[in-house]
Amino acid sequence: MSEELHPFETFLRREMIPHIWCDGCGNGIILNCYVRALKDLDIDLNKVVTVAGIGCIGRISGFTNTDSFHTTHGRAVAFATGVKLANPELKLVVISGDGDLFAIGGNHFIHAARRNVDIHVICANNFNYGMTGGQYGPTTPLDAWTTTTPYGNVEHPFNLVHLAAASGAAYVARWTTLHARRLTESIKKALQKEGFSFIEVITPCPEIYGRYNKMRTGIDMMNWFRKASEIRNQSDPAKAEITPERIVIGEFLDIEKPSFGRLLRDMTTRVQEKMRKGR
Amino acid sequence: MPVRLWRKPLDADKIKIPRGEIHIIKERCKGCNFCIEFCPREVLEESEEFNEKGFHPPRVKDSNNCALCGFCEAVCPDFAIFTVEKNCEGGC
Ligand SMILES: Cc1ncc(C[n+]2csc(CCOP(=O)(O)OP(=O)(O)O)c2C)c(N)n1
Ligand code: SF4
Ligand SMILES: [Mg+2]
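Residues numbered from 1 in each chain as written. Chains lettered and ligands numbered in written order. Predicted model: local features only at pLDDT ≥ 70, side-chain atom pairs only at ≥ 80, totals over all residues. Heavy atoms only, no water.

### Section: the coordination of the magnesium ion (ligand 3)
Geometrically, a metal with four donors at the corners of a regular tetrahedron has ideal angles of 109.5 degrees, and one with six donors at the corners of a regular octahedron has ideal angles of 90 or 180 degrees.
Residues and elements named next belong to chain A.
Point 1. Protein coordination at the magnesium ion (ligand 3) comes from D98 (OD), N126 (OD1) and N128 (O), with a distance range of 2.1 to 2.2 Å.
Point 2. Mapping the donors of the magnesium ion (ligand 3) onto the primary sequence gives the spacing D-x27-N-x1-N. Taken together, the residues D98 in helix 4 (residues 98–104) and N128 in the loop between strand 4 (120–125) and helix 6 (160–167) connect sequence positions 30 residues apart. Considered together, D98 and N128 belong to a single accessibility category, that of buried residues. (Donors = N, O, S within 2.8 Å, 3.2 Å for Na, K, Ca; no water. Helix = DSSP H or I, 4+ residues; strand = E, 2+ residues; numbered from the N terminus. Buried < 20%, exposed > 50% of the residue type's maximum accessible area, 1.4 Å probe, protein only.)

Shown next as structure tokens:
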């Protein structure tokens, strides 16, 4: 056993490692799966942009050795849309939190999915606002305890995979951090897809969510995922609501449809042609 | 003996099970214990030693049991453990 270099070392900004995430946090597994996907696909890192919003998971943009940008809260998808349209040969990967993407950033998300913008979104769903102290948010399950729902949550959460599919995404999947292998394969697939792809990753936040919900450690949360997960590929995302007893995971949607970028470029070419011919 | 081992595949002698060599970067470990808990062959255990951050990094209990599935590497949030194939040319 020697202190050799980790095989993913060149995919990380070494001066930023160890990262800031708590022990037992799943965000590091998402980072791990993401860089493995980049490595397996042998993508030129100069052609990848990792964009994140604000939150614990948002720090991922500072840890990956790709071009990256840490946007203001909720604006990761909007920023990525702009970069992609200005520079179509870049691969735009948004990795952000459930709060960032679906509370403050909710409208950006649904409209980018509707337009089928060529970006790849990975959401770290830890059921709360981790960074600001564990407040409840739009993904907090009914009855769950958080610092701002001390008697249990009285709001119904979003079913993110249903929301993404209904909004118009071309690829939709959900995994947990325990399903690291399947998640990596799914990221690889999503990165090669034309149009808007969405992967929800259920991830443990023992520090500020699990502890209020009888799961004190990362292992407790991962064991919940193990017990509750059911793989149902190609099943109806509308029926994939997350409950304490059941977390439906798998690939829900994988369809072909022209992306916003392609339609826009085609239209531009057509109009320019018409102008040249003098209408 | 478990039922599934009653019958031995005919080519069992020819199939080589890869052996893994486990590398642990102790100072990076935050002691989440995912690698210990989720290794399908229970190769790892918690050590008593402390690293710089005050966590107990894992240690290898029985390296001969490692089949190089690499799940410890995949599930480590801190890039603190990885496996490489052991060179077994002269026997392991
Ligand atoms: C405009 C604005 N409003 C509010 C905040 C405070 N804030 C920071 S992170 C965050 C929520 C993060 O939650 P999530 O996206 O789920 O990420 P997590 O920390 O759980 O990984 C909020 C509300 C902010 N930084 N900017
Ligand atoms: S507060 Fe939760 S999400 Fe944030 S780093 Fe800690 S465990 Fe991870
Ligand atoms: Mg969150």
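### Focus on the environment of L85 of chain A
Residue and element names in this part refer to chain A.
Point 1. Mapped onto the fold, L85 is located in helix 3 (residues 76–86).
Point 2. Judged by relative accessible area, which is 34%, L85 ranks as partly exposed.
Point 3. Considered as a pair, L85 and V201 are 116 residues apart in the sequence and their alpha carbons are 27 Å apart.
Point 4. Sequence-distant contacts of L85, that is, excluding residues within four places in its chain, are made with F260, G261 and L264. (Contact = heavy atoms within 4.5 Å.)

### Let's talk about the site of ligand 1
Residue and element names in this part refer to chain A.
Point 1. Surveying the vicinity of ligand 1 reveals 16 residues, the closest of which are C56, D98, G99, D100 and G130.
Point 2. I57 has a polar backbone atom sitting 3.2 Å from an oxygen atom of ligand 1.
Point 3. In the model, an oxygen atom of ligand 1 is placed 3.0 Å from a nitrogen or oxygen of the N128 main chain.
Point 4. About the coverage of ligand 1: the protein hides 72% of its 590 Å² of free accessible area.
Point 5. Considering each element in turn, the shell around ligand 1 owes the most residues, 4 residues, to helix 4.
Point 6. Considering only residue class, the shell around ligand 1 consists of 6 nonpolar, 8 polar and 2 charged. (Near = heavy atom within 4 Å. Polar contact = N/O pair within 3.5 Å; in protein donor to acceptor, adjacent residues only side chain to side chain. Areas by Shrake-Rupley, 256 points an atom, 1.4 Å probe, with all protein chains shown as cover. Nonpolar A, V, L, I, M, F, W, Y, C, P; charged D, E, K, R; others polar.)

### So, the packing of helix 3 of chain A against helix 5 (residues 106–115) of chain A
Residue and element names in this part refer to chain A.
Point 1. One way to put it is that helix 3 packs onto helix 5 with a least axis distance of 8 Å and a crossing angle of 35°. The crossing of helix 3 and helix 5 is left-handed. Touching V77, A78 and T81 of helix 3 are H108, F109, A112 and R115, all from helix 5.
Point 2. In terms of residue class, the contact of helix 3 with helix 5 is built from 4 nonpolar, 2 polar and 1 charged. (Axes fitted to C-alpha atoms, helices over the stretch in contact; angles between N-to-C directions. Left-handed = near helix turned anticlockwise from the far one by under 90°.)

### Quick look at the interface of chain A and chain B
Point 1. The partner chain B presents 28 residues to the 36 residues of chain A that form the contact.
Point 2. For the chain A and chain B pair, buried surface summed over both sides reaches about 2600 Å², with 61% attributable to carbon and sulfur atoms.
Point 3. At the junction of chain A with chain B, the criterion picks out 3 salt bridges.
Point 4. For R36 of chain A, the salt bridge goes to E73 of chain B, with nearest N and O atoms at 2.8 Å.
Point 5. At the junction of chain A with chain B, the criterion picks out 12 residue pairs in polar contact (both at pLDDT 80 or more).
Point 6. Those elements giving two or more residues to the side of chain A that touches chain B turn out to be helix 1 (27–41), helix 7 (180–191) and helix 8 (218–228) of chain A.
Point 7. With 6 residues, helix 1 of chain A is the largest single contributor of residues to the side of chain A that touches chain B.
Point 8. Broken down by class, the residue content of the side of chain A that touches chain B amounts to 19 nonpolar, 9 polar and 8 charged. (Buried area = accessible area lost by both parts, 1.4 Å probe. Salt bridge = Lys/Arg side-chain N within 4 Å of Asp/Glu carboxyl O.)

### A few points about a nonpolar patch on the surface
Residue and element names in this part refer to chain A.
Point 1. Taken together, the side chains of I20, I54 and M131 define a hydrophobic patch exposed on the protein surface, amounting to about 250 Å² of accessible area.
Point 2. As for its placement among the helices and strands, I54 is situated in the loop between strand 1 (48–52) and helix 2 (60–63).
Point 3. Taking relative accessible area as the criterion, I54 reaches 35% and is therefore assigned partly exposed. (Patch = residues over 30% accessible without salt bridge, like charges linked within 9 Å, V, L, I, M, F, W, Y side chains within 5 Å.)

### Quick notes on the pairing of strand 6 (residues 197–202) of chain A
Residue and element names in this part refer to chain A.
Point 1. The buried count for strand 6 comes to 6 of 6 residues, which makes it a mostly enclosed element.
Point 2. Judged by which residues are buried, strand 6 turns out to be covered on both faces: S197, I199 and V201 on one side and F198, E200 and I202 on the other are all buried.
Point 3. In this fold, the crossover linking strand 5 (residues 171–176) to strand 6 by way of helix 7 has right-handed handedness. (Right-handed = clockwise from strand over helix to strand, strands pointing away.)

### A few points about the side chain of N116 of chain A
Residues and elements named next belong to chain A.
Point 1. In this fold, N116 is placed in the loop between helix 5 and strand 4.
Point 2. There is a polar contact of 3.1 Å between the side chain of N116 and the backbone oxygen of P258.
Point 3. Dropping the residues within four chain positions of it, N116 is found in contact with G168, A170, G195, F196, K257, P258, S259 and F260.

### Observations regarding helix 6 of chain A
Residue and element names in this part refer to chain A.
Point 1. The element helix 6 is largely enclosed, with a buried count of 6 among its 8 residues.
Point 2. Within helix 6, the full set of buried residues consists of L160, V161, L163, A164, A165 and S167.
Point 3. Backbone geometry just downstream of helix 6 places G168 in the positive-phi region, at approximately 125°.

### Re the confidence of the model for chain B
Point 1. Summarising the model, chain B shows a mean pLDDT of 89, and 90% of its residues fall at 70 or more.
Point 2. Per the prediction output, this complex has pTM 0.95; the corresponding ipTM is 0.94. (pLDDT = per-residue confidence, 0-100.)

### So, the nonpolar core
All names here are of chain A.
Point 1. Counting residues in each nonpolar core, the largest one holds 57 residues, and the members touching the most others are I187 and I199.
Point 2. Sort the elements by how many residues they give to this core and helix 1 lands first, with 8 residues.
Point 3. When sequence neighbours within four positions are dropped, the list of residues in contact with I199 reads V121, I122, C123, Y171, A173, W175, L183, S186, I187 and A190.
Point 4. Residues V117, V121, C123 and F198 belong to the second largest nonpolar core, which totals 30 residues. (Core = buried A, V, L, I, M, F, W, Y, C linked by side-chain atoms within 4.5 Å.)

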